[in-house]
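Structural features, examined
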Amino acid sequence: MAWVNWQIINLTKEQGGLGVKNFRIANKTLLAKWIWRYTKQKQSLRRNIVQQKTMATADIILPVEDNSTQGRSLWRNVTKLVPEIHSLFTFKIRNGRGASIAQMIRDGRWCGNFRHQLNANEQMEWDLLCRDIGLVPTLVYRDDEVDFTANYSNKLCYDTLAGNVPECCFSKFLWKNYIPPKVNFLLWAIFHNSLPTRVMLSHRRVELDSTDFPLCNNALESADHLLLHCSYSFKLWDYFIKSLIISWPMSGKVLQLFEAWECNVLAGRCMEHFALCRYMECLE
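Residues numbered from 1 in each chain as written. Predicted model: local features only at pLDDT ≥ 70, side-chain atom pairs only at ≥ 80, totals over all residues. Heavy atoms only, no water.

**So, the overall build of the chain**
Looking only at helices and strands, the chain has twelve helices and four strands in total. A total of 284 residues make up the chain; the buried ones form 33% of that total. In the chain, 58% of the contacts between residues at least 6 apart in sequence involve partners at least 24 apart. Put simply, the chain shows about 18600 Å² of open surface, and 54% of that area lies on carbon and sulfur atoms. (Helix = DSSP H or I, 4+ residues; strand = E, 2+ residues; numbered from the N terminus. Buried < 20%, exposed > 50% of the residue type's maximum accessible area, 1.4 Å probe, protein only. Contact = heavy atoms within 4.5 Å. Areas by Shrake-Rupley, 256 points an atom, 1.4 Å probe, with all protein chains shown as cover.)

As structure tokens, this is what we get:
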């Protein structure tokens, strides 16, 4: 039985996941590295091989015309990634030969090479397209190139392909070095409502004799009841809170408890002990 969506597990710990890499995105990241190598390492053997396979000249920035059925499927998969990582690089048009647009610029204007004479509607659409494209690039006697961001790396490419996911509200409470891993993982499961309590098992259509907590038999067995509201748990909380000589109302949910405890006014060693108290219950 899957308790947490695999896409959540693939998120970073700051985003609420476990930091497990998505192998599909990782594979795309490694393929995208070929684009970087092709455009930056112009004297490399792999660039010459790709040019021979695609029958591309040295002027072509990035060969994408690959219609052969033999020996070119890998490069087709590489070039398919261009729309997905376009934010990481820009095409710099200088002499225009590398981008196959030199023949489309005449006297500083876009000039389309059409097979028939355009009618009024087609001419209007072409004029609107030229307007949307913007300024015509000024061609100079330098090679065209692909300019990647200065800090380009596999990690940056992976994060771009994975998408921008904001940090979750509970990540700051987890994965601390002074907290045992089993406590971190237990809290992570609780925050994702994936702890296999009787309530959650019943919610997932598992047949049970009862959903009550067997130790007290007066409430449903939920994560919040296990750690906060059960009489046995409450005695433990009461012991820790009284040892700090403070009065503290119990929150309704575990996450609310962690958020509320961030607002305490203690200082020094009391502050340190107070911060550890919320993890001690999970350890017990």
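**Thoughts on the pattern of salt bridges**
Per the counting criterion, the structure on display carries three salt bridges. Between Glu 221 and Arg 198 there is a salt bridge whose closest N-O contact spans 3.4 Å. Placement of the pair is Glu 221 in the loop between α8 (198-203) and α9 (223-229) and Arg 198 in helix α8, with a sequence separation of 23 residues. With a shortest N-O distance of 3.5 Å, Asp 224 and Lys 253 are connected by a salt bridge. Within this pair, whereas Asp 224 is found in helix α9, its partner Lys 253 is found in the loop between α10 (231-243) and α11 (254-260), the two being separated by 29 residues in sequence. Exposure remark for Asp 224: the relative accessible area of 17% places this residue in the buried category. Assessed through its relative accessible area of 46%, Lys 253 is described here as partly exposed. (Salt bridge = Lys/Arg side-chain N within 4 Å of Asp/Glu carboxyl O.)

**Comments concerning the nonpolar core**
Leu 187, Ile 190, Phe 191 and Val 254 are the most contacted members of the largest nonpolar core, which totals 26 residues. Every element with two or more residues in this core is listed here: α7 (181-191), α9, α10, α11 and α12 (268-283). Counting residues per element, this core draws most heavily on α7, which supplies six residues. Judged by nonpolar contacts, the second largest core, of 18 residues, contains Ala 32, Leu 62, Trp 75 and Leu 161. (Core = buried A, V, L, I, M, F, W, Y, C linked by side-chain atoms within 4.5 Å.)

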